Amino acid sequence: MTDTIGAMRHHQLTILQQLLRSPLTEFELCRAVAQSTGFGTDVAAELMPQWLDELKSEGLVWTGPLSNSEDQTISAAALTTRGRNLVM
């Protein structure tokens, strides 16, 4: 497990740590990554879908769309059991 954590980049660890508290939207994750890394909010927003896809392909997070009554959609993410075991 320490090899996996050691291989992760700072933004990935930040995403996983934020999701440990609760599921979040992509915008909330962008803000958290921007605050704790050298990425600006705009750059984090542009790269967040790719970062979440990488974590999803590793089985660490679940991602999916959330929609409101006006058909506006946003992506959200939550830790999987494997992701929770990794960061706890």
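Data block above holds the structure.
Rules used in this analysis
- Residues numbered from 1 in each chain as written.
- Predicted model: local features only at pLDDT ≥ 70, side-chain atom pairs only at ≥ 80, totals over all residues.
- Heavy atoms only, no water.
- Helix = DSSP H or I, 4+ residues; strand = E, 2+ residues; numbered from the N terminus.
- Buried < 20%, exposed > 50% of the residue type's maximum accessible area, 1.4 Å probe, protein only.
- Contact = heavy atoms within 4.5 Å.
- Pairing = 2+ DSSP bridges.
- Axes fitted to C-alpha atoms, helices over the stretch in contact; angles between N-to-C directions.
- Parallel < 35°, antiparallel > 145°, perpendicular 65-115°, else oblique.
- Left-handed = near helix turned anticlockwise from the far one by under 90°.
- Nonpolar A, V, L, I, M, F, W, Y, C, P; charged D, E, K, R; others polar.
- Salt bridge = Lys/Arg side-chain N within 4 Å of Asp/Glu carboxyl O.

K.L.:
Whenever I open this one, the environment of Gly-59 confuses me. Can you help?
P.N.:
Inspection of the secondary structure puts Gly-59 in the loop between helix H4 (41–57) and strand E2 (61–67). Residue Gly-59 is classed as partly exposed on the basis of its relative accessible area, which comes to 28%. Distance in space between the C-alpha atoms of Gly-59 and Met-48 is 16 Å, their sequence separation being eleven residues. If sequence neighbours within four positions are ignored, Gly-59 has contacts with Thr-80, Arg-82 and Gly-83.

K.L.:
Help me out: how do you make sense of the sheet that holds strand E3 (residues 73–79) in this one?
P.N.:
Hydrogen bonds between backbone groups are what pair the strands of a sheet, and the pairing can be parallel or antiparallel. Overall, antiparallel pairing links the three strands, which are arranged E1-E3-E2 in an open sheet. Only two strands of the sheet have a single partner each, and these edge strands are strand E1 (24–25) and E2. When E2 meets E3, the two strands line up antiparallel, connected through seven bridges. Within E3, the residue paired with Gly-64 across the bridge is Ala-76. Across the sheet, helix H2 (residues 10–21) touches E1, E2 and E3, and the angle it forms with E3 is around 85 degrees. Across the sheet, H4 lies against E2 and E3, angled at about 130 degrees from E2, the strand it touches most.

K.L.:
Sorry, what's going on with the packing of H2 against helix H3 (residues 26–36) here?
P.N.:
Look at H2 against H3: their axes get within 9 Å of each other, and the N-to-C directions meet at 130 degrees. Between H2 and H3, the angle is such that the two are oblique. Considering how the two elements wind past one another, H2 and H3 form a crossing that is right-handed. In this structure, H2 uses His-10, His-11, Thr-14, Ile-15, Gln-18 and Leu-19 to contact H3, whose residues at the interface are Leu-29, Ala-32, Val-33 and Ser-36. By residue class, the composition of the contact of H2 with H3 is five nonpolar, five polar and no charged.

K.L.:
What's the story with the pattern of salt bridges in this structure? I'm lost.
P.N.:
Two side chains of opposite charge can pair, provided their charged atoms sit close to one another. According to the stated counting rule, one finds one salt bridge in the structure shown. Residues Arg-9 and Glu-54 are paired through a salt bridge, measuring 2.8 Å at the closest nitrogen-oxygen approach. Residue Arg-9 is located in the loop between helix H1 (2–7) and H2, and its partner Glu-54 is located in helix H4; the two are separated by 45 residues in the primary sequence. Take Arg-9: its relative accessible area is 41%, and that puts it in the partly exposed class.

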